[in-house]
Amino acid sequence: MTPHPKRKHSKGRRDRRRSQDALSTANLVACSNCGNKRLPHLVCPNCGYFKGREVVQVKKEKKSAE
C-alpha cells in the first residue's frame, strides 16, 4: 500500500504553495534602433542591434508576388 497523509493540509498551506503558479508578463523594452519590443539585455530579433551597434546580421525575407 502506498503512504497516505495523516492530516489534511489546510487551505492556507495549499494556497501558499499555489501562489507560485501564477504567470507573469514578460518585461519588454523598446529597441533603440527600430522601436520594436524586445526582451531586455538581448539582441533585437528584428534588426540585430544591441546598445546602438549591430551585433547580428538579420536576413530580410523577400515577399514573393504570386
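Placed above this text is the structure.
Residues numbered from 1 in each chain as written. Predicted model: local features only at pLDDT ≥ 70, side-chain atom pairs only at ≥ 80, totals over all residues. Heavy atoms only, no water.

Engineer: Honestly, unusual backbone geometry in this entry has me stumped. Any pointers?
Structural biologist: It is generally the case that most residues other than glycine have a negative phi and that most peptide bonds are trans. Within the chain, His41 stands out as a residue other than glycine whose phi angle is a positive 70 degrees. Checked against the element boundaries, His41 lands in the loop between β2 (37–38) and β3 (49–50). Taking relative accessible area as the criterion, His41 reaches 72% and is therefore assigned exposed. (Helix = DSSP H or I, 4+ residues; strand = E, 2+ residues; numbered from the N terminus. Buried < 20%, exposed > 50% of the residue type's maximum accessible area, 1.4 Å probe, protein only.)

Engineer: How should I be thinking about the pattern of salt bridges in this particular structure?
Structural biologist: When the charged atoms of two side chains with opposite charge come close together, those side chains can pair. Evaluation of the coordinates by the stated rule reveals 1 salt bridge. As a salt-bridge pair, Asp15 and Arg14 come within 3.0 Å of each other at their nearest N and O atoms. (Salt bridge = Lys/Arg side-chain N within 4 Å of Asp/Glu carboxyl O.)

Engineer: Is there a simple way to explain the state of the cysteines in this structure?
Structural biologist: Simply put, the disulfide is a covalent bond whose two ends are the sulfur atoms of two cysteines. Tallying each qualifying case throughout the model produces 0 disulfides. Residue Cys44 stays outside any disulfide, its sulfur separated by 3.7 Å from that of Cys47, the closest cysteine. Residue class for Cys44 comes out buried when judged on its relative accessible area of 3%. (Disulfide = S-S within 2.5 Å.)

Engineer: Looking at this structure, I do not really get the side chain of Arg38. What am I missing?
Structural biologist: Here Arg38 is to be found in strand β2. Despite being buried, Arg38 has no salt bridge partner; Glu54 is the closest side chain of opposite charge, sitting 14 Å away. If we ignore the near neighbours within four places in the chain, the residues touching Arg38 are Asn27, Leu28, Val29, Cys31, Cys44, Pro45 and Phe50. (Lys, Arg positive; Asp, Glu negative; His and termini not counted. Contact = heavy atoms within 4.5 Å.)

Engineer: Quick question: what am I supposed to make of a nonpolar patch on the surface here?
Structural biologist: Taken together, the side chains of Val43, Val55, Val56 and Val58 make up a nonpolar region of the molecular surface, amounting to roughly 260 Å² of accessible area. Tracing the backbone shows Val55 in the segment after β4 (53–54). Given the relative accessible area of 43%, Val55 is considered partly exposed. (Patch = residues over 30% accessible without salt bridge, like charges linked within 9 Å, V, L, I, M, F, W, Y side chains within 5 Å. Areas by Shrake-Rupley, 256 points an atom, 1.4 Å probe, with all protein chains shown as cover.)

Engineer: Would you mind showing me how to read the environment of Pro45 here?
Structural biologist: Here Pro45 lies in the loop between β2 and β3. Residue contacts for Pro45: discarding those within four places in its chain leaves Arg38 and Val58.

Fair warning: the whole summary comes from geometry, so function is off the table for now.
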